[in-house]
Structures are given as structure tokens and as C-alpha cells.
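# Analysis of the macromolecular model
For reference, the chains in residue letters:
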Amino acid sequence: MAAFSDAGRIGVWGRSGSGKSTLAKRLIAKRKRAVVFDPQDEYQHERGFFRVTTIDDVRAYMARNWRRSFRVAYVPPAGQEMAALDRLSKLLKVAQRPFFEGHDDRQICLLVEEMNECFPVTGIPRAYGGFGDLCSRGRHSGVELIGVSQRIAEVNTRFRGNCTETYVFRQKGPRDLKAASDELGGVTAAEIQALQPHHYIHEKDGTITKGKN
């Protein structure tokens with residue numbers, strides 16, 4: 001039997017300069033065991049993160065630190081983001097098998113940057129099912145997901161549809177405004193467009209609140 005899991009799926013959406021990355025880094029800083037999928041190498045100077053550039057390095061780093069807290073930022077090969085996210089997702093599911101089997105109650109958090117590029121609405125090869133599997137069933141393995149993107153409308157609904165929390169910063173463009181409004185429910189596109197930098201609207205369990213980084 002799997003250990004108890006409260007691992008959620010958190011979406012963080014906002015145009016460039018809106019404050020979404022600041023929030024994402026604040027969220028991940030609270031997690032004891034964390035992996036960041038970092039295509040833009042944004043975490044290279046973040047305190048406490050060990051930067052790696054291969055899946056083998058991720059595996060080795062986690063193995064060395066498995067019995068204590070760790071934070072690792074994986075920078076995938078340019079142009080191979082979808083394949084890299086698939087491999088990383090499958091690695092984490094295997095690593096969390098003891099949780100699934102009820103032998104270990106420690107959860108792990110995967111934060112994915114640039115989701116519109118590595119988990120887009122269309123064009124994901126069938127063989128790259130690892131991250132989609134985590135979206136649907138990773139909770140049973142104690143894998144929490146945080147997804148970050150400027151373009152919410154271009155992120156696959158398999159993640160968006162499984163979100164237990166949503167943070168929306170200011171959006172740009174009718175498609176993203178509509179998608180953000182739909183995800184929040186009861187919040188108009190005009191309200192989202194009027195958000196100031198570092199201000200966001202948060203939805204969890206149907207409750208809407210506003211905040212600032």
C-alpha cells in the first residue's frame with residue numbers, strides 16, 4: 001500500500017516580469033527534497049541548489065543525498081526538452097517506488113520551468129509519456145509537481161486539468177487571458193489583465209484569494 005500523499009499539482013502562470021519566477025522559487029525553497037527542470041538555467045546562482053546537466057548526474061546526486069534533504073537543478077540539452085523531461089519523470093517515479101509500496105513516507109517535489117516548451121498542448125510524441133503519467137498518477141508515488149510558464153494557453157491540459165492550486169499573474173493576449181480565467185473560475189480576463197507586477201490571484205479548492213510576492 002502506498003504511503004499517505006498530499007502531493008499536489010501547482011500551476012504558476014504569468015507574463016515575463018510578472019513575478020511568477022519569484023513565487024516559484026519561494027515555493028520550492030520550502031520543499032525538503034526538490035528537483036528543478038531548468039531549461040533556461042535560472043537556478044545556477046540560487047542558494048542551496050546543485051546544478052547538473054545530465055540525467056545520470058541527477059540520479060547520482062539524489063543517490064548520494066537520499067537520506068537527507070536535497071535540491072538539484074537539472075539543465076537539459078537545448079532542443080531536447082521534451083525528451084529530457086520524460087526521462088527525468090521516469091527516473092523520479094522509479095526513485096519513489098518505496099513510497100508507492102508503503103516503505104518510505106518521504107515525498108519529492110518536481111518544479112518544471114518553461115512548461116509551454118517541454119509539455120505543450122500538442123506535439124508530444126507518444127513515447128514521451130513520463131511527465132503525463134506523473135500528472136495523472138504521480139501523487140500515489142509522493143511526487144508533487146509545480147509547473148511554471150508565461151503562456152498558460154500553450155501548456156498541455158493534462159497538467160492544467162490536474163492542478164490542485166493555481167497562481168495567475170498578469171497575462172498578455174486573449175488566449176492566455178481566457179485560459180487563465182477558465183482555470184481560476186469566477187475571475188474575469190479584465191481582472192487578470194489589471195494585475196500589477198508581483199500581484200497574483202490564487203485558487204485552491206474553489207477559494208479565490210489575492211496576494212503579492
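Being a predicted model, the structure only gives us computed values, none of them experimental.

Here we take up the nonpolar core. Counting 43 residues, the largest nonpolar core has Met62, Leu88, Leu110, Phe131 and Phe159 as its most contacted members. Excluding residues that lie within four positions of it along the chain, Phe131 makes contacts with Leu85, Ser89, Leu110, Val112, Met115, Phe119, Leu145 and Phe159.

The next subject is the sheet that holds strand 6 (residues 143-149). By definition, the strands of a sheet pair up through backbone hydrogen bonds, in either a parallel or an antiparallel sense. Reading across the sheet, the nine strands line up as 3-4-2-5-6-1-7-8-9 and stay open at both edges, with mixed pairing between neighbours. Lying at the two open borders of the sheet, with one neighbouring strand each, are strand 3 (50-52) and strand 9 (207-212). For this sheet, the mean inter-axis angle between neighbouring strands, taken without regard to orientation, is 15°. Across the sheet, helix 2 (residues 55-65) is in contact with strand 2 (33-37), strand 3, strand 4 (70-74) and strand 5 (108-112); its angle to strand 4 comes to roughly 175°.

Another aspect to go through is helix 1 (residues 20-29). Since the α-helix advances by 3.6 residues per turn, residues separated by three or four positions end up pointing in the same direction. Listed in full, the buried residues belonging to helix 1 are Lys20, Leu23, Ala24, Leu27 and Ile28. Projected onto a plane normal to the axis of helix 1, the buried residues spread over an arc of 130° and lie on a single side. Buried-residue contacts for helix 1 involve strand 1 (9-13), strand 2, strand 4, strand 5, strand 6 and strand 7 (165-168).

Taken as a whole and judged by the stated rule, the model has 13 salt bridges. For Asp176, the salt bridge goes to Arg151, with nearest N and O atoms at 2.3 Å. Placement of Asp176 in helix 8 (residues 174-184) and of Arg151 in the loop between strand 6 and helix 7 (157-160) is noted, with a sequence separation of 25 residues between them. The partner of Glu165 in a salt bridge is Lys204, with the nearest N and O atoms 3.8 Å apart. Placement of Glu165 in strand 7 and of Lys204 in strand 8 (residues 199-204) is noted, with a sequence separation of 39 residues between them. The buried category is assigned to Glu165, whose relative accessible area is 13%. Take Lys204: its relative accessible area is 38%, and that puts it in the partly exposed class. It is possible to trace a salt-bridge network through shared partners that takes in Lys93, Asp133 and Arg137.

So, about the pairing of strand 1. With five of five residues buried, strand 1 is to be regarded as a mostly interior element. Here strand 1 shows two buried faces, one formed by Arg9, Gly11 and Trp13 and the other by Ile10 and Val12. Summarising the sheet, strand 1 and strand 6 pair through five bridges and their orientation is parallel. By the bridge assignment, Val12 is partnered in strand 6 with Val148. In the sheet, strand 1 pairs with strand 7 via four bridges, with the strands oriented parallel. From the neighbouring strand, Ile10 faces strand 7, where its bridge partner is Glu165.

It is worth spelling out the pairing of strand 7 at this point. Across the two faces of strand 7 the burial is the same, with Glu165 and Tyr167 and Thr166 and Val168 all buried. Relative to strand 8, strand 7 runs antiparallel, the two sharing four bridges. Across the sheet, residue Glu165 finds its bridge partner in strand 8, namely Lys204.

Parameters at a glance
Residues numbered from 1 in each chain as written. Predicted model: local features only at pLDDT ≥ 70, side-chain atom pairs only at ≥ 80, totals over all residues. Heavy atoms only, no water. Core = buried A, V, L, I, M, F, W, Y, C linked by side-chain atoms within 4.5 Å. Buried < 20%, exposed > 50% of the residue type's maximum accessible area, 1.4 Å probe, protein only. Contact = heavy atoms within 4.5 Å. Pairing = 2+ DSSP bridges. Helix = DSSP H or I, 4+ residues; strand = E, 2+ residues; numbered from the N terminus. Axes fitted to C-alpha atoms, helices over the stretch in contact; angles between N-to-C directions. Arc of directions from axis to C-beta. Salt bridge = Lys/Arg side-chain N within 4 Å of Asp/Glu carboxyl O.

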